[in-house]
Each structure stands twice: as structure tokens, then as C-alpha cells.
Amino acid sequence: MNEKIKWTQNTMRKVNGRGVSTELFSKSEIDKAIAFHRTFPDYLPTPLRQLKKLAKNLGVGGIYVKDESYRFGLNAFKALGGSYAIGRYLAQKLNKDISELPFDVLTSPEVKEQLGDITFATTTDGNHGRGIAWTARQLRQKSVVYMPKGSSQYRLDKIREEGAEAEITDMNYDDAVRMTAVEAEKHGWVIVQDTSWEGYEEIPTWIMQGYGTMSAEALEQLNSLGIEKPTHIFVQAGVGALAGSVQGFFASLFKEDRPKTVIVEANQADCLYKSALAADEKPRIVGGAMATVMAGLACGEPNLIGWNILRDYSDMFVSSPDWVAARGMRVLASPLHGDPKVISGESGAVTAGLLSSILLDEDFKEAREALGLNEDSQILIFNTEGNTDPYKWRSIVWDGELPSTGR
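These numbers come from a predicted model, not from an experiment.

With that settled, consider the overall build of the protein chain. Assigned secondary structure in the protein chain consists of 16 helices and eleven strands. Against the 2.2 N^0.38 benchmark of 22 Å for 407 residues, the protein chain shows a C-alpha radius of gyration of 20 Å, consistent with a compact globule. Considered along the principal axes of its C-alpha atoms, the protein chain spans approximately 60 × 45 × 45 Å. Per-residue burial for the protein chain yields a buried fraction of 63% across its 407 residues. Charge separation in the protein chain, taken as the distance between the mean sites of 45 positive and 54 negative side-chain charges, equals 3 Å.

What follows is the structure, given as C-alpha cells:
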């Protein structure tokens, strides 16, 4: 018998402007990130896929998928955060504003001579590390990447192709982050990690602001379809940096009229869900192997910046078994006739799998009512990665690994 989806409403949500400040993710801050990203030769807004037939089938007004499998040719959204954080770090080092350092200036021989050689270090299951390695290579710098045990060899190879020194460790993600911090201190490297801890908050904030490009593009694309804002957002979370960025942007822009937000985690690494269950406003930690197919979400220690925003503004937290991600991959890859196909990896598809479950299953009537999901709902989800491990993707979508029947 398959494991069950678990959900809890957020009882810690703040009203009437009493939540933590979201000004770091205001439109003016995110506009800086977009302006920087637009200077990259490979920049294009990623497509927003409208799944009209799926929405009708599930009884809602609209389902929209922001498809990050097209981002910078890297098959995942992560480079948005890494590139902006590195850009901000270099701007600080040069005593300039990021607006003075478009791509062609940052890559110029004059700037390279001023900066010298810098090595950027990070821990990753694959997508973030590839984004850091890609950015470092683009900006003529170096990178070192450590991966947690169980990481995909294919993803490791892709990181090395970008010129990074990279290896798979025998530690889980959070332990590998700590080891990276020790190595960086020893060798004088710059850590670029979207996990924040006491004394390490500036770079994670820049990463989260970089992710904001994705939210801002999605809103602009919805506006072009005549939709002022989504009524609901379902977003996946590992440490919560992406989810915190999405939540922060929409909460900053729409205040009390913001979309209802559902935060979705892998059940083997559901630190935010457990924090919401405890409901004492303190983050909880999940340890151990965190053996989930959703490698990008296998993180057991919340990003504190992200947690504070999610705690104060999110509506629901969900702990999701692996079969939900597998279901989402199949739903997106085999669309109803007339809908576009979306190639989504394990961490990218979990929200699509969840939607197709909770909107149809009577067991989730209470969750639907709590969220006010109905025929007028306009739902935004993010495909955060494509088939970044094509062998795993085929094993699930073609060969039926992790069946989602028989629940």
C-alpha cells in the first residue's frame, strides 16, 4: 500500500501586516535581479504553460506551469539564484552597485584583473551546483562542488562539464553543507549556498532574490493572459529558499490579498511540515538518509530566512510521498489532448502530482475546502527542473517505477 499524503493548515499565519517583513522580495528588489539576468546572452523568459484541459478535468478555472526546464539551457531554475548571488558578491568586492555590472562588464579583462582568481564552493544534489559551476565558468572564475551520498552520476558529470571540481561525498545534504563550510574556510573559498545559518545570511538572501526573476516573469505572463494574480500557488520546498522567495514576492506585492500558498515537501525531508505541525514558530530539523526520489528536496534543515516568511504567510504545508512526484511526472509528460507536454523531473513535478490527487480524491475534501479550491481557482505551479537525470526520468515515466495506483 502506498504511503499517504499528509497536510496541515498553518495556524501561525499572521494578519494585518504583523508578519515578518517581505521587503527583501519587493518588486523593486526583484526588478534588480531581473535587470541583471537580462544582461546574460542566454537569457530568455521561460514559458508559462497553460493546461486548460487538465484544469477542466480537475474542476478548477486554470492551471499554469512555469516551465524552468528551459532556463539558461541548464534544465533547471537554480542558476537564477547562483548567478545573482555571485554577481552581488562581485559587485560588493568592486564597491559598485549590481546595476553597474552587466554581464559584458563582469566578464571584461579589466574586471577580471581587478578581481583576480576566486573559487566559489557549494553543496548540491545537482541543479544548484551546475548553476554555480556554469556561472563561475561564464565569469571566468573557479568552482568546487560537493554532492550528498546517493547523488546521480549523470548530474555529477554535468557539473564537471561546466569546469567545476566536483565529487559525491558519503554524507547527507546538511552534513555535506557543514563540510563545505569547513573546506571553504580552510582554502579561502566563497560559499554560495541557499541554506542560511547564523552569520551566513547575505548570500542566501541574494540567491532567494535571484529566484524572484521566475515569480516576476510568471506574474507578467499571467497578466498577459488577463489574470491579475493567481488565486493559489503550490510550490515545492527543500530548505525553503525557493518557496520563501515565491511567498515573499507575492506577499510583498499583494499584502492581505495575496494568493493562498501551499508548501510541498518530500515526506522523507519534511522539516517545514513538521515545523508547522509543532506550531510553536520554531523550525524543526529532519536528519538521517532522507531517501527520497526528490533529490532536490532532500534537505532536513530549513533556511531561516525562508522559514520566517513561510511561517507567517503560507496557508498549508504538505508532506508528500515519492509516488506523488512520479504521478506528476506522468501527468505532465502525457497531457490530455490539447494541453502542452511538460518534461519534469522528480523535484519539479510533485506539485502537479499533488494537484491531480487532492482535486479528485474525496479524502481531501477538507483540504480543498480549507483552501477554497473551486471552479474559479487559477493555480500557479513551478516546474523547477526538467529531466536533469534522464535515466531516472525514463525509469519512472516509461518503465513505471513508483506506481501511483492502489493508494
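Turning to the state of the cysteines, a few remarks are in order. This structure, assessed with the given rule, holds zero disulfides. Here C271 is not cross-linked by a disulfide; its sulfur's nearest cysteine counterpart is in C299, at 7.6 Å. Owing to a relative accessible area of 6%, C299 belongs among the buried residues under this scheme.

Scanning the model with the defined rule gives 24 salt bridges in all. One salt bridge in this structure joins D257 and K229, with 4.0 Å as the shortest N-O distance. Of this pair, D257 sits in the loop between α10 (241–254) and β9 (260–266) while K229 sits in the loop between α9 (202–224) and β8 (232–236), and the two are 28 residues apart along the sequence. Between K274 and D270 there is a salt bridge, with the nearest N and O atoms lying 2.7 Å from each other.

The next point concerns the sheet that holds strand β7 (residues 190–191). Spatially, four strands are ordered β6-β5-β4-β7 in an open sheet, and the strand pairing comes out parallel. Among the strands making up the open sheet, the edge pair consists of β6 (165–168) and β7. When strand β4 (residues 119–123) meets strand β5 (residues 142–147), the two strands line up parallel, connected through five bridges. Within the sheet, the bridge partner assigned to A121 lies in β5 and is V144.

Moving on: the pairing of β5. The buried fraction of β5 is high, at five of six residues. In this fold, β4 hands off to helix α6 (residues 127–138), which returns the chain to β5; that crossover is right-handed. Across four bridges, the pairing between β5 and β6 is parallel. Bridge pairing in β6 places V144 opposite E165.

Attention now moves to the packing of aromatic side chains. All chains considered together, the criterion is met by 13 aromatic pairs. Taken together, a centroid distance of 5.8 Å and an interplanar angle of 40° make the contact between F40 and F72 tilted. With a gap of 32 residues between them, F40 in the loop between α1 (27–37) and β2 (48–50) and F72 in the loop between β3 (62–67) and α3 (79–93) connect regions that are remote in the sequence. Assessed through its relative accessible area of 6%, F72 is described here as buried. Aromatic side chains F250 and F254 sit 6.3 Å apart centroid to centroid with 15° between the ring planes, which places their arrangement in the stacked category. Linking F250 with F254, this pair stays in helix α10, spanning four residues, or about one helical turn. Look at F250 and you get buried, because its relative accessible area is 1%. Cluster of aromatic residues (ring-pair linked, three or more members): F36, F40, F72, Y84, F103 and W134.

What follows deals with the environment of N303. Checked against the element boundaries, N303 lands in the loop between α11 (271–278) and α12 (304–313). As for N303 and P45, which are separated by 258 residues in sequence, their C-alpha atoms are 27 Å apart. In this structure, N303 is in contact with D194, T195, S196, P204, M208, V239 and A241, ignoring residues within four places of it in sequence. There is a polar contact of 2.8 Å between the side chain of N303 and the backbone nitrogen of I305.

Moving on, we get to the nonpolar core. In this structure, L90, F120, V192, I203 and L380 are the most contacted members of the largest nonpolar core, which totals 87 residues. Among the elements that take part in this core, α9 stands out by supplying ten residues, more than any other. If we ignore the near neighbours within four places in the chain, the residues touching I203 are A85, Y89, V190, I191, V192 and Q193. Judged by nonpolar contacts, the second largest core, of 41 residues, contains V60, L332, A352 and I396.

Between two packed helices, what matters for the description is the angle formed by their axes and the separation of those axes. Two elements in contact, α1 and α9, have axes separated by 8 Å at closest approach and are oriented at 90°. Between α1 and α9, the crossing angle belongs to the class labelled roughly perpendicular. Counting all contacts with α1, which are made through E29, I30, A33, I34 and H37, the residues of α9 involved are Q209, G210, G212, T213 and A216.

Turning our attention to unusual backbone geometry. One non-glycine residue, N95, lies in positive phi territory at about 60°. Note that N95 resides in the loop between α3 and α4 (103–106). Here the phi dihedral of A279 falls at roughly 55°; this positive angle occurs in a residue that is not glycine. Within the fold, A279 resides in the loop between α11 and α12.

End to end, helix α13 (residues 322–333) covers 17 Å across twelve residues, agreeing with the expected 16 Å (1.5 Å per residue, within 8%). Counting buried positions over the twelve residues of α13 gives eleven, a clear majority of the element. D322, W323, V324, A325, A326, R327, G328, M329, R330, L332 and A333 are the residues of α13 that are buried. Considering only its buried residues, α13 is in contact with β3, β10 (316–320), α14 (350–358) and α16 (390–397).

Conventions adopted
Residues numbered from 1 in each chain as written. Predicted model: local features only at pLDDT ≥ 70, side-chain atom pairs only at ≥ 80, totals over all residues. Heavy atoms only, no water. Helix = DSSP H or I, 4+ residues; strand = E, 2+ residues; numbered from the N terminus. Rg over C-alpha atoms; globule rule 2.2 N^0.38 Å. Buried < 20%, exposed > 50% of the residue type's maximum accessible area, 1.4 Å probe, protein only. Lys, Arg positive; Asp, Glu negative; His and termini not counted. Charge placed at Lys NZ, Arg CZ, Asp CG, Glu CD. Disulfide = S-S within 2.5 Å. Salt bridge = Lys/Arg side-chain N within 4 Å of Asp/Glu carboxyl O. Pairing = 2+ DSSP bridges. Right-handed = clockwise from strand over helix to strand, strands pointing away. Phe/Tyr/Trp six-rings, centres within 6.5 Å; stacked < 30°, edge-to-face > 60°. Contact = heavy atoms within 4.5 Å. Polar contact = N/O pair within 3.5 Å; in protein donor to acceptor, adjacent residues only side chain to side chain. Core = buried A, V, L, I, M, F, W, Y, C linked by side-chain atoms within 4.5 Å. Axes fitted to C-alpha atoms, helices over the stretch in contact; angles between N-to-C directions. Parallel < 35°, antiparallel > 145°, perpendicular 65-115°, else oblique. Expected span 1.5 Å × (residues − 1).

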